[in-house]
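Residues per chain, in single letters:
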Amino acid sequence: MSSREQFSSKTGFVMAAAGSAIGLGNIWGFPTQTASNGGAAFVVVYFSMALFLAYPALMAELIIGRYARANMVTALRLISPGAASKAIATGVGFTGVIIASLILSFYAIVAGWMVAFLLESITSTIGLDSVSSWLTTFSFERNMIFMALFMTLTMSIVASGVEGGIEKWSTRLMPMLIVILISLIIYVTTQEGASEGLEIYLVPDFSQINPALIIDAMGQAFFSLSLGVGTMLIYGSYLGKDESLPKLGAAVTLIDASIAFTAGLLIIPAIYVAKYNGAEVFSDSGLLIAGPDLIFQVLPSLFSSMGSAGLLVAFAFFSLMTIASLTSSISMLEVPVALAAEETSSGRVKATIVIGSIVFGISSIILVNFELLFDFVINLTTVYSQPLLGVMLCIFAGWVWHRNTLLKEIQSGHPDIEKSLFWKIWPHYVRFVCPVLILAAFIQSVVA
Ligand code: TRP
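We now turn to the structure provided with this report. These numbers were taken from a predicted model, which means no experiment stands behind them.

Structurally, F282 is set in the loop between helix 12 (245-276) and helix 13 (292-304). Looking at F282, the relative accessible area reads 30%, which means it is partly exposed.

Burial of nonpolar side chains together is a common tendency in soluble globular proteins. One finds F13 and F317 to be the most contacted residues of the largest nonpolar core, which totals 161 residues. If near-sequence neighbours (up to four positions away) are discounted, F317 is found in contact with L184, L266, I267, I295, L299 and F303.

As a matter of local geometry, the ligand sits amid 17 residues, with A21, G25, Y107, F223 and S224 nearest to it. A distance of 3.3 Å separates an oxygen atom of the ligand from a polar atom in the side chain of N26. One nitrogen or oxygen atom from the side chain of Y107 is found 2.7 Å from an oxygen atom belonging to the ligand. Protein chains shield 100% of the accessible area of the ligand, which is 360 Å² for the free molecule. Counting only elements with at least two residues in the shell around the ligand, the list comes to helix 1 (10-21), helix 2 (24-36), helix 5 (83-125), helix 10 (211-224) and helix 14 (308-343).

Glancing now at the packing of aromatic side chains. In total, this model carries 27 aromatic pairs according to the counting rule given. Residues Y46 and F47 carry aromatic rings whose centres are separated by 5.9 Å and whose planes lie at 75° to one another, so their mutual orientation is edge-to-face. Residue Y46 is classed as buried on the basis of its relative accessible area, which comes to 1%. For F47, a relative accessible area of 29% corresponds to the partly exposed category. When the ring of F317 is compared with that of F318, the centres are 5.1 Å apart and the planes differ by 80°; the resulting orientation is edge-to-face. Under the relative-accessibility criterion, F317 is labelled buried at 2%. Looking at R172, its charged tip hangs above the ring of W169, at a distance of 4.7 Å from the centre. For R431, the ring lying beneath its charged end belongs to W399, and the centroid distance is 4.2 Å.

So, how was this worked out
- Residues numbered from 1 in each chain as written.
- Predicted model: local features only at pLDDT ≥ 70, side-chain atom pairs only at ≥ 80, totals over all residues.
- Heavy atoms only, no water.
- Helix = DSSP H or I, 4+ residues; strand = E, 2+ residues; numbered from the N terminus.
- Buried < 20%, exposed > 50% of the residue type's maximum accessible area, 1.4 Å probe, protein only.
- Core = buried A, V, L, I, M, F, W, Y, C linked by side-chain atoms within 4.5 Å.
- Contact = heavy atoms within 4.5 Å.
- Near = heavy atom within 4 Å.
- Polar contact = N/O pair within 3.5 Å; in protein donor to acceptor, adjacent residues only side chain to side chain.
- Areas by Shrake-Rupley, 256 points an atom, 1.4 Å probe, with all protein chains shown as cover.
- Phe/Tyr/Trp six-rings, centres within 6.5 Å; stacked < 30°, edge-to-face > 60°.
- Lys NZ or Arg CZ within 6 Å of the ring centre and 35° of its normal.

Have a look at this one:
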């Protein structure tokens with residue numbers, strides 16, 4: 001056997017997997033969903049979803065991936081015993097790979113905006129006003145240039161391999177992300193107006209819980225843990241047999257949820273500081289401005305109301321967003337690249353260039369037809385495909401895969417696991433509870 005690439009250590013894996021999980025979903029999606037879903041009650045439901053649905057589904061991906069030591073298509077085929085299940089495995093695997101690529105194609109556009117705003121904090125400081133306004137104004141040229149730049153960054157890391165690219169950069173960038181996040185929280189919570197935001201964020205009003213909130217929280221949890229499309233499966237495939245999967249999976253889930261919670265401590269008070277400073281934070285219909293306008297109008301207007309400190313704050317904030325995006329986008333690109341590199345004779349570098357160019361092409365098509373395609377692709381991939389693929393992965397782990405092989409894989413790296421709660425609960429849970437709960441939440445959201 002030729003040696004397959006691996007993470008060099010447990011920490012390397014945790015940094016990379018947490019890097020994948022922590023992204024725009026945590027720092028933008030979670031706080032704004034919280035703010036527009038009534039505050040702290042959403043936080044409580046989200047944490048339940050992360051623990052009771054997303055963590056078990058994450059475990060299904062990690063276990064299948066490490067057992068098969070392969071991409072999603074090959075892995076699902078390997079654990080399928082018969083011809084029919086193998087055919088379904090191929091279908092599900094390819095769907096996952098395609099959805100991962102589509103998620104990257106819109107993610108790269110949004111991440112490109114972050115890079116543009118990051119540069120703007122520099123051009124404003126040195127007084128290049130016309131450049132600054134070009135950077136912060138929506139235009140096809142700007143969008144294309146920064147999407148291309150971001151894709152190039154993503155590709156250059158993925159081309160350098162698992163240990164030399166993904167692990168190395170995740171290990172460098174994740175600590176920076178945490179330092180920036182905490183510094184920003186300290187700054188923002190000392191500003192006038194912040195305490196109103198903190199109260200909304202931290203004091204739950206359970207009358208706010210309704211079916212729509214539950215489905216939003218589930219979608220958010222699946223997106224945030226990068227589930228359904230084989231990202232965690234492929235990262236699991238680079239883990240050693242001597243590591244305990246339930247523990248590593250729990251660590252990644254906890255880190256991801258804590259960073260989402262921490263990001264809320266920044267964004268929600270920031271919204272209220274902006275309001276205090278006179279910015280428009282609610283739309284005409286009385287709803288909180290939560291979409292791109294929040295990040296690209298409300299917060300920038302807050303930064304500029306802070307005087308010269310605001311430029312530094314803007315620089316830190318958009319660095320945070322860029323770093324968070326990059327450690328996520330590399331995990332999306334790794335999904336199709338691993339498939340191509342493993343199943344064809346082309347090496348990793350060539351696979352990265354070819355697939356990166358295809359994703360760049362899809363992003364360009366989205367940019368040309370922005371009104372038509374942007375929201376459509378986001379909904380198709382995150383609202384519909386991710387939960388349904390998550391159900392399929394639970395079914396493969398729980399029903400298709402031979403029971404004893406599954407249990408042996410869980411034991412590997414965790415010899416005394418039979419005494420644990422995980423061993424007693426998860427194998428049944430992933431068969432019955434996970435698929436039923438995900439489907440139920442999904443169906444009620446589609447019919448509602
Ligand atoms: N989880 C990341 C975020 O919160 C995004 C992400 C990375 C992702 N890989 C993924 C989402 C795979 C869905 C599927 O921003």
